[in-house]
Amino acid sequence: MDLRDGIGHGIGREQEQGERQHRPEATTLAPPAATPVPFGILHPRPAMPKRDFLNIRDFSRAELLALLDLAARMKRGDYEERPLEGKSVALIFAKSSTRTRVSFEVGVRQLGGHPVFLSARDIQLGRGEPIRDMARVLSRYVDAIMIRTFAQADVEELARYASVPVINGLTDFSHPCQILADLLTAREAFGGMDGRVAAWVGDGNNMCHSWIEAAGALGFELRVAAPEGYDPDPAVVAAARQATTVTLVRSPAEAVAGAHVVNTDVWASMGQEAEQQVRERAFAGFIVDDALMRRAAPDAIFLHCLPAHRGEEVAESVLEGPQSRVWDQAENRLHAQKALLAMLTG
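Right, let's walk through the structure included here. Here the structure is a predicted model, which means the values were calculated and not measured.

## Some words on the sheet that holds strand S2 (residues 114-119)
Part 1: Spatial ordering of the open sheet is given by S2-S1-S3-S4, a layout of four strands whose pairing is parallel. Looking along the sheet, the strands with just one partner apiece sit at the ends: S2 and strand S4 (166-170). Across the sheet, the axes of successive neighbouring strands diverge by a mean angle of 20°, strand direction being ignored.
Part 2: Judged from the five bridges that link them, strand S1 (residues 88-93) and strand S3 (residues 144-148) form a sheet pairing that is parallel. Bridging from a neighbouring strand, valine 89 pairs with alanine 144 of S3.

Okay, here's the thing in structure tokens:
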């Protein structure tokens, strides 16, 4: 039995036989009102195929474009539906966050739903509960699950055992929700990425992986400039190269030349703080400054998923300059994720 459907109530019987013997024959009593039977007992929910969003490649080109169209409608205020009305979404944060938490909580509420925030202290995984158990239990309570954690394998196991949609809010391997916001920001600037070139400057990390997958899904050219030893996963690159051009170089200037989108991230991500000094030496010269931006296309935009370390991976003048779209990009997390939730749960 699905616990979300509640527990059926027994229906009381009529008076005992002895009581009926004292009732006048001409008297007819109305039958007792039937106790409503919960929906799931006599009318099981139809088995709807569920979709997860663990990586950008989980959606086709057509689905990604449809999602961006819907997100743009939501941002304009042309969307009044409330697809999460009466529904709850679990938001699991093994890794803390500002933008991910606020954008998902606000987004769920704006779509009519109830967000259930679960921090690392609120879940039992740290005390030995298997992910597969948590997945099946939460699926009885909520209508979707978003998780922001470390290992990609944990998210994949959660999705494998959950019977409701699972969204990857971030792992060490990929950050697909952020890329949806990035693509929406590029859509606002250029109308889309068709015929455009994107450049990634810095670590071949989770953000880089998701940008590579986006290039493969949508067909735009991507150039990645990373120091030796910090390249993206070869399998991710190889898969994208079946559909588009992905170039790996060591020179930021070579990657950025003529690019329309210039993107970067911190040199040491969450969990890599002990490597900060080593990475500072490795990434010397990989700063996006005014000189580097002058090599990009005249209408190029600068993106950063934030938080930014001014003076390390990006110059203050670029982050706060006229080509920066980082604040639009941050806002677009809200709209892109609302569209994602609507598509997965609608």
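## Some words on the nonpolar core
Nonpolar side chains tend toward joint burial in soluble globular proteins.
Part 1: One finds Trp211, Phe220, Val261 and Leu340 to be the most contacted residues of the largest nonpolar core, which totals 56 residues.
Part 2: If we ignore the near neighbours within four places in the chain, the residues touching valine 261 are Ala186, Phe190, Met193, Val197, Ala198, Ala199, Trp211, Ile301 and Leu303.
Part 3: Counting residues in hydrophobic clusters, the runner-up holds 27 residues, among them Val256, Phe283, Leu306 and Val326.

## Some words on the side chain of glutamate 312
Part 1: Secondary-structure assignment places glutamate 312 in the loop between strand S9 (301-304) and helix H13 (316-319).
Part 2: With no salt bridge to any partner, buried glutamate 312 finds its closest opposite charge in arginine 279, at an N-O distance of 10 Å.
Part 3: When residues no more than four places from it in sequence are discounted, the contact partners of glutamate 312 are Trp267, Gln276, Glu280 and Ile287.

## Some remarks on the pattern of salt bridges
Part 1: Tallying each qualifying case throughout the model produces 18 salt bridges.
Part 2: Ionic pairing is found between arginine 279 and aspartate 203, a salt bridge with its closest N-O pair at 3.0 Å. Of this pair, arginine 279 sits in helix H11 (residues 276-282) while aspartate 203 sits in the loop between strand S5 (197-201) and helix H8 (206-218); the two residues are 76 residues apart in sequence, bridging distant segments of the chain.
Part 3: For arginine 279, a relative accessible area of 5% gives the class buried.
Part 4: Residue class for aspartate 203 comes out buried when judged on its relative accessible area of 7%.
Part 5: Notably, a salt bridge pairs glutamate 316 with arginine 310, separated by 2.7 Å at the nearest N-O pair.
Part 6: Classification of arginine 310 as partly exposed rests on a relative accessible area of 40%.
Part 7: Beyond isolated ion pairs, a larger network of salt bridges with shared partners links Asp203, Glu275 and Arg279.

## Some remarks on the packing of aromatic side chains
Part 1: Summed over all chains, the structure comprises six aromatic pairs.
Part 2: Aromatic pair tyrosine 230 and phenylalanine 283: ring centres 4.9 Å apart, planes at 55°, arrangement tilted. Of this pair, tyrosine 230 sits in the loop between strand S6 (221-225) and helix H9 (234-241) while phenylalanine 283 sits in the loop between H11 and helix H12 (290-293); the two residues are 53 residues apart in sequence, bridging distant segments of the chain. Accessibility classification places tyrosine 230 together with phenylalanine 283 in one group, the buried group.
Part 3: Site record: aromatic cluster; members linked through ring pairs are Tyr230, Trp267, Phe283 and Phe286.
Part 4: The aromatic ring of phenylalanine 117 is capped on one face by arginine 101, whose charged end is 3.6 Å from the ring centroid.

Criteria and cut-off values
- Residues numbered from 1 in each chain as written.
- Predicted model: local features only at pLDDT ≥ 70, side-chain atom pairs only at ≥ 80, totals over all residues.
- Heavy atoms only, no water.
- Pairing = 2+ DSSP bridges.
- Helix = DSSP H or I, 4+ residues; strand = E, 2+ residues; numbered from the N terminus.
- Axes fitted to C-alpha atoms, helices over the stretch in contact; angles between N-to-C directions.
- Core = buried A, V, L, I, M, F, W, Y, C linked by side-chain atoms within 4.5 Å.
- Buried < 20%, exposed > 50% of the residue type's maximum accessible area, 1.4 Å probe, protein only.
- Contact = heavy atoms within 4.5 Å.
- Lys, Arg positive; Asp, Glu negative; His and termini not counted.
- Salt bridge = Lys/Arg side-chain N within 4 Å of Asp/Glu carboxyl O.
- Phe/Tyr/Trp six-rings, centres within 6.5 Å; stacked < 30°, edge-to-face > 60°.
- Lys NZ or Arg CZ within 6 Å of the ring centre and 35° of its normal.

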